[in-house]
Amino acid sequence: MSTAYLNGEFLPLAEAKISPLDRGFLFGDGIYEVIPYYRGKSVGLVPHLQRMLRGLAEIEINCDKTLAQWSELLDDLMAKNNGAEQNLGVYVHISRGTDSIRNHAYPKNISPTIFCFTFAIKDPEPAQRTKAAGYTVTTSEDLRWKRCHIKSTALLGNVIHYQQGYASGNHECLLYNEHNQLTEGSSVNAFIVKDGVVSTPILDNQILPGITRGIIIDCIKADGSISLEERVITMDEVHNADEVWISSSSKEIAAIIAIDGVKVGDGTVGPVWEKAFALYSAAKFN
Ligand code: PMP
């Protein structure tokens, strides 16, 4: 049984209980993070925590822990879950807290509910394109809200889009806005490759500023041998791309080999993915 953290206490996950009047439960009123640790070494810990603190400030949840205190808490949680021996994701959830009534207005004088637990994550993909798994996706108009840069626990929009892909036997659902422009996937950021150039949508309120996305951009730029652009990408470009990738803390960089049942490029994991994945794998613990 894994050990969780709830409001100042470490306890077995099955014993962690919250009130049904918690605003996370009633309204999805909270912020969350998922941070990967490979045998105790975290990927992107500081940017993950910075994004979380930004999200809390944006929705006015007052949580007085500093970045250093969060990092220490997660180290303790890792130690209690034998994190040095296995690959674990850490889920961190901060809701506005438990009220005494159900009312939309932010209540005054309540403390946030803080909940963290760990879960097993897979080993990274093999770094060779001939061995790496290829993913398939569907597509849909992005029908979520206009604050997708906030990592909110209110994920119903994402869940419905994820299910559109999952129900038809696919791994994800790529989303586009009313102008037929790529935004992201239901739980991932997205990249395309055309003629050797990697492109990914710009950061705005339509997408989550993914930590994996950031590491990919930084390591490709630092290496300098692959061109990379952050720009508006149309769905026509997605359908005509040589390679399409999705990225997240749990999937790292995953190559898409079919979109809506149609092959991407020649339908195999591509050479630019292989190069970028090698760069990412070398940079991810920095
Ligand atoms: N977009 C969405 C909607 C997400 O939920 C996630 C995280 N699962 C991502 C992008 C990727 O973010 P990160 O690389 O920080 O995991």
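Up top you'll find the structure we're talking about.
Residues numbered from 1 in each chain as written. Predicted model: local features only at pLDDT ≥ 70, side-chain atom pairs only at ≥ 80, totals over all residues. Heavy atoms only, no water.

Draft legend 1. The arrangement of the packing of aromatic side chains in detail. Evaluated as defined, the whole model comprises ten aromatic pairs. Relative to Phe117, the ring of Tyr91 lies with its centre 5.5 Å away and its plane at 50°, an arrangement referred to as tilted. With Tyr91 in strand 5 (residues 87–95) and Phe117 in strand 6 (residues 113–120), the pair connects residues that are 26 residues apart, well separated along the chain. Its relative accessible area of 18% is what places Tyr91 among the buried residues. Site record: aromatic cluster; members linked through ring pairs are Tyr32, Tyr91, Phe115, Phe117 and Phe119. Looking at Lys80, its charged tip hangs above the ring of Phe10, at a distance of 4.8 Å from the centre. (Phe/Tyr/Trp six-rings, centres within 6.5 Å; stacked < 30°, edge-to-face > 60°. Helix = DSSP H or I, 4+ residues; strand = E, 2+ residues; numbered from the N terminus. Buried < 20%, exposed > 50% of the residue type's maximum accessible area, 1.4 Å probe, protein only. Lys NZ or Arg CZ within 6 Å of the ring centre and 35° of its normal.)

Draft legend 2. Molecular detail of unusual backbone geometry. For Asn7, which is not glycine, the phi torsion reads 45° and is therefore positive. On the secondary structure map, Asn7 appears in the loop between strand 1 (3–6) and strand 2 (9–12). Backbone geometry places Glu252, a non-glycine residue, at a positive phi of 55°. Mapped onto the fold, Glu252 is located in strand 14 (residues 252–259).

Draft legend 3. Representation of the side chain of Glu125 in the model. One can find Glu125 in the loop between strand 6 and strand 7 (134–141). One buried charged residue, Glu125, remains without a salt bridge, the closest side chain of opposite sign being Lys122 at 4.5 Å. A distance of 2.9 Å separates a polar side-chain atom of Glu125 from the backbone nitrogen of Ala133. Setting aside its immediate chain neighbours within four residues, Glu125 contacts Ala132, Ala133, Tyr135 and Phe277. (Lys, Arg positive; Asp, Glu negative; His and termini not counted. Salt bridge = Lys/Arg side-chain N within 4 Å of Asp/Glu carboxyl O. Polar contact = N/O pair within 3.5 Å; in protein donor to acceptor, adjacent residues only side chain to side chain. Contact = heavy atoms within 4.5 Å.)

Draft legend 4. Region of interest: the nonpolar core. Ranked by internal contacts, the top residues of the largest apolar core, which has 26 residues, are Val198, Ile220, Trp245, Ile253, Trp273 and Tyr280. With seven residues, the top contributor of residues to this core is helix 7 (residues 271–283). Excluding its chain neighbours within four sequence positions, the residues that come into contact with Ile253 are Ile216, Trp245, Ile246, Trp273, Ala276, Phe277 and Tyr280. Core analysis: the second largest hydrophobic core is formed by 23 residues, Ile35, Met52, Leu88 and Ile150 among them. (Core = buried A, V, L, I, M, F, W, Y, C linked by side-chain atoms within 4.5 Å.)

Draft legend 5. Region of interest: the pattern of salt bridges. Under the definition given, this model contains twelve salt bridges. A salt bridge links Asp242 to Lys194; its shortest N-O distance comes to 3.6 Å. Here the residue Asp242 occupies a position in the loop between helix 6 (235–239) and strand 13 (243–248), and Lys194 occupies one in strand 10 (residues 189–194), the gap between them amounting to 48 residues. Classification of Asp242 as partly exposed rests on a relative accessible area of 33%. Taking the relative accessible area as the measure of exposure, Lys194 reaches 37% and is therefore partly exposed. One salt bridge in this structure joins Arg231 and Glu229, with 2.8 Å as the shortest N-O distance. Given the relative accessible area of 23%, Arg231 is considered partly exposed. Residue class for Glu229 comes out partly exposed when judged on its relative accessible area of 36%.

Draft legend 6. Region of the structure containing the site of the ligand. With respect to spatial proximity, 19 residues lie near the ligand, and among them Glu184, Ser187, Ile211, Thr212 and Ser249 are the closest. The side chain of Thr212 places a nitrogen or oxygen atom 2.6 Å from an oxygen atom of the ligand. A distance of 2.7 Å separates an oxygen atom of the ligand from a polar atom in the side chain of Ser249. In isolation the ligand offers 390 Å² of accessible surface; the protein chains occlude 90% of this area. Of all elements in the fold, only helix 2 (45–58), strand 9 (182–185), helix 5 (211–223) and strand 13 reach the threshold of two or more residues within the shell around the ligand. Counting only domains with at least three residues in the shell around the ligand, you end up with domain 1 (3–120) and domain 2 (134–283). (Near = heavy atom within 4 Å. Areas by Shrake-Rupley, 256 points an atom, 1.4 Å probe, with all protein chains shown as cover. Domains from an automatic or database assignment.)

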